[in-house]
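# Understanding the architecture of this molecule
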Amino acid sequence: MSQIEISQIIEQISEEIEVDTNGQAKASIRATARLAGVSAVAILKTLDSVNLEPSKLAQMLMDSGFEAVNLTEWRTDGIPDIAIAIILEYYAYEAGRYCTKQARLVCRSFNTIGIRAWIQDKLGWTKPVSNSETAMTQIQLLAAIAQQMAQQEQYLLEQQQQQAQILARLKAVEVEQDRVNTPCGHKYSVVGFANLQGLEISVKEAGTKGRKASALCRKQGIEIERIHDPRFGKVGLYPESILVEVFKAEQN
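Residues numbered from 1 in each chain as written. Predicted model: local features only at pLDDT ≥ 70, side-chain atom pairs only at ≥ 80, totals over all residues. Heavy atoms only, no water.

This next bit is on the overall build of the protein. Within the protein, the regular secondary structure consists of 12 helices and six strands. Looking at the 252 residues of the protein, the share that counts as buried comes to 33%. A separation threshold of at least 6 residues defines the contact pool for the protein, and within that pool the share at least 24 residues apart is 60%. Summed over all atoms, the accessible surface of the protein reaches about 16000 Å², with 51% contributed by carbon and sulfur. (Helix = DSSP H or I, 4+ residues; strand = E, 2+ residues; numbered from the N terminus. Buried < 20%, exposed > 50% of the residue type's maximum accessible area, 1.4 Å probe, protein only. Contact = heavy atoms within 4.5 Å. Areas by Shrake-Rupley, 256 points an atom, 1.4 Å probe, with all protein chains shown as cover.)

Below, the structure is given as structure tokens:
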């Protein structure tokens with residue numbers, strides 16, 4: 001999960017969050033689950049558990065001042081921002097094998113300003129600004145930092161792709177050099193070698209020569225490479241010296 005993907009999820013759930021005139025925010029169960037990287041069913045089970053045996057998360061919520069009746073009401077009324085922060089912390093660090101990397105990343109992203117400030121910003125809620133307050137709010141600063149991190153991540157991805165392409169080219173060069181330097185010379189398929197020699201060969205003949213070439217390779221302890229051929233499926237690649245011997249024997 002990357003900063004880029006987190007940004008996409010935030011945009012997808014922006015319509016499932018709201019903020020009242022006092023700046024207090026809440027989100028739907030589905031939106032909260034998306035942020036935590038878990039299913040909505042997992043959140044629902046937590047809310048339902050308060051009427052039987054409270055789960056660890058339900059107990060954490062109640063220890064933070066929420067009552068059982070509050071958790072039940074969240075099914076329809078939405079989850080308040082303070083509770084969302086507790087849920088994210090639970091799935092980031094307290095859920096054991098159910099912890100998610102996404103919850104940890106979201107926690108790190110919003111710990112400096114709080115989930116309420118983020119929801120306020122997403123819905124365009126603003127409080128009266130005094131002359132002493134700066135033009136850039138905390139959430140705008142975080143957004144700028146998140147954008148910078150996303151750009152850096154994209155740059156690193158591009159660098160990794162370029163490095164992978166360079167390594168692939170180097171590997172191809174090494175393979176070719178190895179073939180040139182090996183005592184057996186280059187390797188070809190039976191049909192490829194026949195075409196190189198200007199010879200016409202039927203499928204049946206190619207199969208016969210391939211079996212003979214394979215037998216010679218096994219006898220000499222030479223590993224047979226296999227490549228995909230659109231006409232014949234998998235075909236073997238044999239050293240030039242082996243193919244010369246096979247074709248010479250057929251001519252005699």
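Now for the sheet that holds strand β2 (residues 25-27). Read from one edge to the other, the open sheet built from three strands follows the order β1-β2-β3, with strand pairing classed as antiparallel. Bordering the open sheet on either side are β1 (17-19) and β3 (79-80), each of which pairs with just one other strand. Of the strand pairs in this sheet, β2 and β3 are connected by two bridges, and their pairing is antiparallel. Residue pairing across strands places A27 opposite I79, the latter belonging to β3. (Pairing = 2+ DSSP bridges.)

Taken in spatial order, the three strands make up an open sheet running β4-β6-β5, and their pairing is antiparallel. Here the strands that pair on one side only, and so sit at the sheet edges, are β4 (187-188) and β5 (225-229). Both β4 and strand β6 (residues 233-239) contribute to a ladder of two bridges, which runs antiparallel. In the sheet register, Y188 faces β6, and the bridge partner there is Y238. On top of the sheet, helix α11 (residues 203-220) reaches β5 and β6; it is set at about 50° to β6, its chief contact. (Axes fitted to C-alpha atoms, helices over the stretch in contact; angles between N-to-C directions.)

Throughout the structure, instances matching the rule amount to four aromatic pairs. Seen from their ring centres, F66 and W74 are 5.1 Å apart, and the 80° between their planes marks the pair as edge-to-face. What makes F66 buried here is its relative accessible area of 16%. Between Y90 and Y91, the ring centres sit 4.9 Å apart and the planes meet at 80°, which makes this aromatic pair edge-to-face. (Phe/Tyr/Trp six-rings, centres within 6.5 Å; stacked < 30°, edge-to-face > 60°.)

Another aspect to go through is the pairing of β6. Burial of β6 is extensive: five of the seven residues sit out of reach of the surface. Relative to β6, β5 runs antiparallel, the two being bridged by five bridges. For R226, the partnering residue across the bridge sits in β6 and is G236.

All right, on to the nonpolar core then. With 37 residues, the main nonpolar core has I43, L61, L71, W74, I79 and Y91 as its most contacted residues. With eight residues, helix α6 (residues 81-94) is the largest single contributor of residues to this core. Contacts of I79, omitting those with residues within four sequence positions, involve A25, K26, A27, I29, T32, I43, W74, I84 and I87. Grouped together as the second largest cluster of nonpolar side chains are 15 residues, V191, A206, I222 and I224 included. (Core = buried A, V, L, I, M, F, W, Y, C linked by side-chain atoms within 4.5 Å.)

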